[in-house]
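Per-entry structural report
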Amino acid sequence: MYTSMLLMESGSFTLLAGNCWVLIAFPLLVAALLLLVRMSDSWLYSVGVGGVGVSFGYAVVLFIMMLGEPEPITVQLYTWLSIGDAEVTVSLLIDQLSILFALLVAGIGTLVAIYSVGYLSDEPERRRFFGLLNLFIAAMLLLVLADNYVLLFVGWEAVGLVSYLLIGFWQEKEVAANAAKKAFVMNRVADLGLLSAIAVLLTQIGTVRFTAVAEQLGAVGGSWAGVVGFALLLAACAKSAQVPLQSWLLDAMESPTPASALIHSATMVAAGGYLILRSLPIYMLAPTARLAVLLIGVLTLFGGAWMAATGRDIKRVLACSTTSQLGYLMLAAGLGPVGAVFAVFQLLTHGVIKAGLFLAVGTLTRRVGRSDLQGLGGLVKVLPYTFVAFACGYLATIGVPFLSGFYAKGHIIATAWETIPAFGALAVVGVGLGAFYMTRLLLLTFTGTARWQEAPIGAETSTETGAENRQPLRGSVSMRFSLTVLSLLALGGGLALNGWLPGWLQPVFAAEVSRTGLLYFDWLNYVTLGLLFVVVVGTVIYYRKVTPIWFKAASTADEVALVRIGAAELYADDALQRGVVAPLSTVSARVSWTESEVLENGARHLWRVIGRTSILMRRLQSGNVRTYVLLFVAGTAVLVSAMLLWAWV
Amino acid sequence: MSLSAYLIVSAVLFCIGLAGVLLRRNALVMFMGIELMLNAANLALVTFSEAHAELDGQVAAVFTMVVAATEVVVGLAIIITIFRSKASLNVDDARRLRH
Amino acid sequence: MIVPWLTLIFVVPLFGAAIVLPLRGARNRLAGLIISGLTLAMALTALLLSQSHNLAEQVLWLRRFGAWYALQFDGLSASLVIATAVLSSAVLAIGLELDTATDATSAPTMRPEVFTSLVLLTEALVIGAFLAADLVLFFLFFEVSLLPVYLLIGYWGGACRAMAASRFLMFSLASGFLLFGGIVGVVTTVSTVGRSSTLLSALANVEFTPGMERLLFVLFFMAFALKGPLVPLHSWLTAVVKEANPAVSALLIGAVDALGGYAMIRFTLGLFPNAALWAAPGVLVIALISIWYGGFAAVGERHLVSMASYTSISHFGFIVFGIFTLTPTAINGAAMYLVAHLLSVGALVLVCGVLQQSSGVAHFGDRRGLRQRAPATAALFLLVGLATLPLPGFLGFAAELQVLVGAGERHPIFALFAVIGTLFATVYVTWSYQRLFTGTHKLDMSPTDAVPTVRDATTIERSVIAVLLLLLLAFGCAPQMLRNYIASAEPGTTAVAITNIAEGGE
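We now turn to the structure provided with this report. The shown structure was predicted, so the numbers you read here are calculated from the model rather than taken from an experiment.

Moving on, we come to the interface of chain C and chain A. Counting residues at the interface gives 53 residues for chain C and 47 residues for chain A. Both faces combined, the contact of chain C with chain A buries some 4,400 Å², and carbon together with sulfur accounts for 67% of it. The largest contributions to the chain C side of the interface with chain A come from F296, R371 and Q434 of chain C, which together make up 13% of the buried area. For E174 of chain A, the salt bridge goes to R368 of chain C, with nearest N and O atoms at 2.7 Å.

Laid out in structure tokens, this is it:
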């Protein structure tokens, strides 16, 4: 199936695909350049955007060529390491799935880079930002283009690292540094899962190539497949911020908004889903693990929605929403090959929509200077363009007919219903919840009174915008450009993908997908749409009448328990703190105490004991000759008797 | 004559010498005790040499006599020097070399 | 004329130590660097030559015991020799500047010229130990290398350096004593067998009685565990790094401690494979304890260089773990990890030393927000910290993966625990970085401290640490060469013999 052969008709494709490592190397080089060499602004912007742009262009060319039906290609660069009998190589795989992801990553990356030209025009460290952006693109492309688990792991850790560097971008902010550390540590601990899975694969089947694993894992036995499945799920949960490992993503909002748009909404968090999708053969062999994926997906779907519905900061609400949408992804991936196709659909559309939403929010927060919902409101008149962009994303994500979200979610709901009806029903409810929190967000941000003009306090509680010396920013051409492109894609993307995606992904997932019509509506769709309508209208009416309690900064005791738990982000942080961090700190303190008190003092005590013994022994040197003689005689007597006894025995 | 007689004499001489060294305080008398012990060992060596009809024991005895003579020379020199500084032959008085 | 390359590799720094003694100041430093560079060049030449010729040397030395003057240059020795030469050059380049000796101490001081000389001497002796192919010769180098290190610790460093040096000497002499006991045992056993020889190649074929073999194994193992060090024999290291000059600590942790790991592979495994099999479960548990204890202690530690030393203890535990899983993959991985540890923890200690010198920070909490004044130091600290995690892309990861896979074949549960133990590194690296470099720049120490201003790392300091990082990165991206080279080491002294026994004995 996947071979690297020279086809006569696609000679140029082979040539281009054979050099696909340029996709990764070019932004990497640009990143090194930006991070190590000083340059003027004009160069900076061209180089910064160009680095990503070149990758995107290359990916587009490859994609267009692949549309002409050439075979997927594996490009083997060199042998990285032989471990036992297995050989791990640095090789890249260009197939239907990876090229889609490459397009997503590079495309959104380019748009975000263009946006950042305007957004960060007043940021003194913008050179570092563009360098990190390019580094991220290189790492993420390595992740999606890798042909085996080890190389994927390298990319996986690398994106975690860049995420850490970007979350803590403003290093003077203690909050940001903390958030960065939490994100990195949580991700790395969960990466134990991926590492263990790799180890198991290497010991049990002796290969880590995706294709080979698919073929050979069946021979080994189901229980190992289950172990690998669960281990991979652990890693994916952290990376995609599934419940209960979601708290790092919410704190990650300290990073500059363009970074959030790229990393924490569209691409890196999708890596978890990508891993599960690539490992689909493993999950087909391990029903328990697949069930776990489904359950985690549903749990996150609702958990994320819960948090989003009670969120107090616009960026955090979007982050919770990301978590929830990725729950959809997991749900779909756990449904099998058909679900996997639609998981990709969801991934692509969600990436575009969320990026657009984040960029809109970025314009908004910089204009106003704060991001807490309490301090926003009435922005329709101030930022009409942004409102339109946001509204496009909003409509797309809640599932208005013919827009992206409608197709993505509709297919997932239908597939879920066919596989396990309960999950289908839950998915429908999820749509309703999604509509609620997104409408709430829209209303609180853009409609109502302009609270941001009344109360200047509360800016410290905002994410990211609290960085010092940042003046309000008017929108610029670059920012608008990216926003426009993303909004249009959000609107029309679903239409474009719907008919074509299942067929395109056929070789990858071998899924039989039936419904592909654009105007295809069945009863599930009607039910969903009905629910949607009811929820939206109801929310609008509700927020017209009622002002949220927490606007008045009253004590939290007044709130309903549901709201309190959601607002506290399901107490995940506290649970982690109490359950994991505190015990480990205690042990660590104990160990340090042992070190300083027990061992140090023990060693000193030993020293002193030796000294005192030595002083005692000195008493033997009495200077008295006759004592010495006595000792001689006694010693000799002992020796002689010992010898005699020895000889006798 | 039987071996044991000579050995008993040798043992008795050795014990007398040992007692002298342990119990007397006069340096010269201790020296005499040491000489007694050496000669007791000599006697035992010659006895065994005769018993095995080999010369090894007598050779060892000659060695011992040479060593004894050397040791007496050096030892007496030391005792005389100490006597000159302390005017006493009591061994307990020469205790400067202590901790 | 046959040039004895291997002898030259360690003789050059040996004589160099004497040569640089009369030189003063900058000339002394330059001469030291040149000699160290020359050593490195010779090692690399030997590497090239060894592909085509056999460079091993053998001359009968002590006939009575069958001791030979024998040197070898196989994959294991060569990689460690070259890494030691690199680290020594790094230490010489920036060592003296890292001296934080404060005045008003009762501890003695020494002229700076002697520092270069002693470092070169240490380098010569450690390289000699790596090259030795004879047990008695190895012991000679092993013991004598204590002396210059003792002097280095005792004369350059903090207020209590004399105590630290004495403790180092006490523990190291104990280690030597145990090793000596083992060697005596080996020599007596061998001489009863027939033609006695303490050549490693000869000893590998000697059959010991099980009881004797186990006793000797324990003696050898404890000697090297003291050197490594393994918990609970590690208190000498913590005392030393708190007091000594950070460059000396770097050399100590990197090169001298690598001797412990190297010797474990060559001697305890090579000479006593059956006993190794018998002792493996216990040793694995000790190694796991080391990994976890080192990790916990590093998290709770407030002194900067001490934290790095706990990293070293944790790493050494991991190396011993890899060795005693007794699979070729894991042992190869452990050897690679040894090289990675030498470079990465050496670099970490050097960076901490640079930080200490340039900003007066000895403990976490002394100062914060240093990135604003010292961005290069911050970047280097982070990168070196990431290299010790180990982050994929650096050599440590390739090694760790090998150990994990090798261990997973035979002891999967232990392997899981070992890997979880390495997760602490993530916590203390990021937390250290945060405590030192992020936030706004504040001076929390008392105003009477001796270093009021903060300077960034100098070009030399940056280059030195960057070189170490680049080596780790290069070998991390292309570890296959190193792995093959190490795997080509003499079969009698690495894992192949063990696996045969292990598989035969299952």
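Moving on: the pattern of salt bridges. Applying the stated rule across the entire model yields 17 salt bridges over all chains. Across the pair R188 of chain A and E157 of chain A runs a salt bridge whose closest N-O atoms are separated by 2.5 Å. Of this pair, R188 of chain A sits in helix 7 (residues 174-204) while E157 of chain A sits in helix 6 (residues 149-167), and the two are 31 residues apart along the sequence. Accessibility assignment for this pair places R188 of chain A and E157 of chain A in one class, buried. When the shortest N-O distance is used, the salt bridge between R626 of chain A and D92 of chain B registers 3.4 Å. Highlighted residues: R626 of chain A in helix 27 (residues 625-648) and D92 of chain B in the segment after helix 3 (56-86), drawn from two different chains. Residue class for D92 of chain B comes out buried when judged on its relative accessible area of 18%. One connected set of salt bridges, linked through shared partners, spans K182, D251, R316 and D573 of chain A.

With 24 residues, helix 4 (residues 96-119) of chain A extends 34 Å between its outermost C-alpha atoms, agreeing within 8% with the 34 Å of an ideal straight helix rising 1.5 Å per residue. Of all 24 residues making up helix 4 of chain A, 22 are buried, and the element is well covered by its neighbours.

This paragraph deals with the interface of chain A and chain B. How big an interface is tends to be stated in terms of the accessible area lost upon association of its parts. Counting residues at the interface gives twelve residues for chain A, matched by 14 residues for chain B. Both faces considered, chain A and chain B share a buried interface measuring about 1,000 Å² in area, 62% of it formed by carbon and sulfur atoms. Remark: the boundary between chain A and chain B carries one salt bridge. If you look at where chain A meets chain B, you find two residue pairs in polar contact (both at pLDDT 80 or more). When residues of the side of chain A that touches chain B are assigned to their parent elements, the largest contribution, six residues, is made by helix 27 of chain A. Here the residues of the side of chain A that touches chain B sort into five nonpolar, four polar and three charged.

This part takes up the environment of Y69 of chain C. Residues and elements named next belong to chain C. Examined against the element boundaries, Y69 turns out to sit in strand 2 (residues 67-71). The residues contacting Y69, other than those within four sequence positions of it, are T7, F10, E57, Q58, V59, W61 and L137. A polar side-chain atom of Y69 sits 3.3 Å from a polar atom in the side chain of T7.

Take the pairing of strand 2 (residues 86-94) of chain A next. Along any regular strand the residues' side chains alternate between the sheet's two faces. Residues and elements named next belong to chain A. Among the nine residues of strand 2, eight are classified as buried, and the element is accordingly described as predominantly covered. Pairing of strand 1 (residues 73-83) with strand 2 involves nine bridges; the strand directions are antiparallel. Across the sheet, the residue bridging to S82 is E87, located in strand 2. Counted between consecutive antiparallel strands, the loop separating strand 1 from strand 2 contains two residues, among which G84 sits at a positive phi close to 65°.

For the rest of this paragraph, the subject is the packing of helix 3 (residues 75-94) of chain C against helix 11 (residues 246-271) of chain C. Residue and element names in this part refer to chain C. The geometry of helix 3 relative to helix 11 is characterised by a closest axis approach of 9 Å and an angle of 170° between their N-to-C directions. Regarding the angle of helix 3 to helix 11, the classification is roughly antiparallel. Here helix 3 contributes L76, S77, L80, T84, L87, S88 and V91 to the contact with helix 11, which in turn contributes A247, A250, L251, G254, A255, Y262, I265 and R266. Of the residues that constitute the contact of helix 3 with helix 11, the class distribution is ten nonpolar, four polar and one charged.

About the thresholds
Residues numbered from 1 in each chain as written. Chains lettered and ligands numbered in written order. Predicted model: local features only at pLDDT ≥ 70, side-chain atom pairs only at ≥ 80, totals over all residues. Heavy atoms only, no water. Contact = heavy atoms within 4.5 Å. Buried area = accessible area lost by both parts, 1.4 Å probe. Salt bridge = Lys/Arg side-chain N within 4 Å of Asp/Glu carboxyl O. Helix = DSSP H or I, 4+ residues; strand = E, 2+ residues; numbered from the N terminus. Buried < 20%, exposed > 50% of the residue type's maximum accessible area, 1.4 Å probe, protein only. Expected span 1.5 Å × (residues − 1). Polar contact = N/O pair within 3.5 Å; in protein donor to acceptor, adjacent residues only side chain to side chain. Nonpolar A, V, L, I, M, F, W, Y, C, P; charged D, E, K, R; others polar. Pairing = 2+ DSSP bridges. Axes fitted to C-alpha atoms, helices over the stretch in contact; angles between N-to-C directions. Parallel < 35°, antiparallel > 145°, perpendicular 65-115°, else oblique.

Distances and angles like these do not, on their own, reveal function.
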